[in-house]
Amino acid sequence: IEHELFVGAEEQMESFCKEHEEYINKAGVEVEKKVMVGDVSEKIVEYAADCDSDLIVMGTHGYKGLERIMFGSVADKVVKSAPCPVMTINPYTCCE
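For the structure given in this document, a descriptive report is provided here.

## Observations concerning the side chain of Ser73
Point 1. Examined against the element boundaries, Ser73 turns out to sit in the loop between α4 (65-71) and α5 (74-81).
Point 2. Note on Ser73: relative accessible area 15%, which makes it buried.
Point 3. A polar contact is formed between the side chain of Ser73 and the backbone nitrogen of Asp76, at a distance of 2.9 Å.

Pasting the structure below:
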């Protein structure tokens, strides 16, 4: 089952990147795509360090108060331990 989830995640990622390919190219950024298994925040920080990343850009739900305490925040954990700057974006409020 884990293999099926991994393949499904890769397919979703490819689809997302293809859907936004024009925007990515227009922005002139290089996109690294990788699917990993494990604790999300730890894997993001680990990968950024291994690749000597200049910047991590990630979405956030913008939880506050009790929701944040109950659900935690991957973005918060990454911001606190990343080896480079982190830009967080709430996709529900920033973009159309």
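## Details of the pairing of strand β1 (residues 56-59)
Each regular strand carries side chains that alternate between the two faces of the sheet.
Point 1. Burial along β1 is one-sided: Ile56 and Met58 are buried, while Val57 and Gly59, pointing the other way, are not.
Point 2. Judged from the four bridges that link them, β1 and strand β2 (residues 86-89) form a sheet pairing that is parallel. Opposite Met58, over in β2, you have Thr88 as the bridge partner.

The rules we used
- Residues numbered from 1 in each chain as written.
- Predicted model: local features only at pLDDT ≥ 70, side-chain atom pairs only at ≥ 80, totals over all residues.
- Heavy atoms only, no water.
- Helix = DSSP H or I, 4+ residues; strand = E, 2+ residues; numbered from the N terminus.
- Buried < 20%, exposed > 50% of the residue type's maximum accessible area, 1.4 Å probe, protein only.
- Polar contact = N/O pair within 3.5 Å; in protein donor to acceptor, adjacent residues only side chain to side chain.
- Pairing = 2+ DSSP bridges.

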